[in-house]
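Chain residues, written in single-letter form:
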Amino acid sequence: MIKRLADFPGVASEAAERRSPQAMPTYAIRVADEFHRFYHHHRVLESDEQAFRLGLVTATQAVIARALDLIGVDAPERM
């Protein structure tokens with residue numbers, strides 16, 4: 001998860017340089033897929049790593065929202 005989130009600036013930059021906006025929704029889908037797997041396998045609340053995992057959740061939300069914003073899609077506050 002962390003590595004995928006850290007890839008965001010490079011993916012966005014490359015998408016802009018190559019003028020290939022389809023890279024952003026593809027990236028957002030991959031982040032969402034990895035987050036789904038993470039959330040399915042790891043307890044976030046009431047775990048020993050709660051603070052770290054909540055930070056990861058917040059970072060994932062921000063990255064997906066920014067990726068969607070770059071392609072002109074509004075991200076919902078809640079799902």
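Residues numbered from 1 in each chain as written. Predicted model: local features only at pLDDT ≥ 70, side-chain atom pairs only at ≥ 80, totals over all residues. Heavy atoms only, no water.

A. Up close: the packing of aromatic side chains. Evaluation of the coordinates by the stated rule reveals 3 aromatic pairs. Taken together, a centroid distance of 5.8 Å and an interplanar angle of 40 degrees make the contact between F8 and Y27 tilted. Residue F8 is located in helix 2 (residues 8–18), and its partner Y27 is located in helix 3 (residues 23–41); the two are separated by 19 residues in the primary sequence. Relative to F38, the ring of F35 has its centre 6.1 Å away and its plane inclined at 40 degrees; by these criteria the two rings are tilted. Of this pair, F35 and F38 both sit in helix 3, 3 residues apart, which is roughly one turn of that helix. (Phe/Tyr/Trp six-rings, centres within 6.5 Å; stacked < 30°, edge-to-face > 60°. Helix = DSSP H or I, 4+ residues; strand = E, 2+ residues; numbered from the N terminus.)

B. Representation of helix 4 (residues 50–70). Here helix 4 is 21 residues long and its end C-alpha atoms lie 30 Å apart, about the 30 Å a rise of 1.5 Å per residue gives. Where helix 4 is buried, its residues meet helix 1 (2–6), helix 2 and helix 3. Residue G72 follows helix 4 closely and has a positive phi angle near 85 degrees. (Expected span 1.5 Å × (residues − 1). Contact = heavy atoms within 4.5 Å.)

C. Structural context of the packing of helix 2 against helix 3. Running from amino to carboxyl end, helix 2 crosses helix 3 at an angle of 160 degrees, the nearest separation of the two axes being 9 Å. In this view, helix 2 runs roughly antiparallel relative to helix 3, as classed from their interaxial angle. Considering the relative orientation of helix 2 and helix 3, their crossing is right-handed. On helix 3, the residues touching F8, V11, A12 and A15 of helix 2 are A23, M24 and Y27. When the residues that make up the contact of helix 2 with helix 3 are grouped by side-chain class, the tally is 7 nonpolar, no polar and no charged. (Axes fitted to C-alpha atoms, helices over the stretch in contact; angles between N-to-C directions. Parallel < 35°, antiparallel > 145°, perpendicular 65-115°, else oblique. Left-handed = near helix turned anticlockwise from the far one by under 90°. Nonpolar A, V, L, I, M, F, W, Y, C, P; charged D, E, K, R; others polar.)

D. Local environment of the pattern of salt bridges. This model, assessed by the stated rule, comprises 5 salt bridges. With its nearest N and O atoms 2.7 Å apart, the salt bridge here joins R4 to E34. Of the two residues, R4 sits in helix 1 while E34 sits in helix 3, which places them 30 residues apart along the sequence. Owing to a relative accessible area of 24%, R4 belongs among the partly exposed residues under this scheme. Classification of E34 by relative accessible area gives buried; the value is 18%. Measuring nitrogen to oxygen at the nearest pair gives 3.4 Å for the salt bridge that ties R18 to E14. Of this pair, R18 and E14 both sit in helix 2, 4 residues apart, which is roughly one turn of the helix. The exposure class assigned to R18 is exposed, which follows from its relative accessible area of 61%. For E14, a relative accessible area of 40% puts it in the partly exposed group. (Salt bridge = Lys/Arg side-chain N within 4 Å of Asp/Glu carboxyl O. Buried < 20%, exposed > 50% of the residue type's maximum accessible area, 1.4 Å probe, protein only.)

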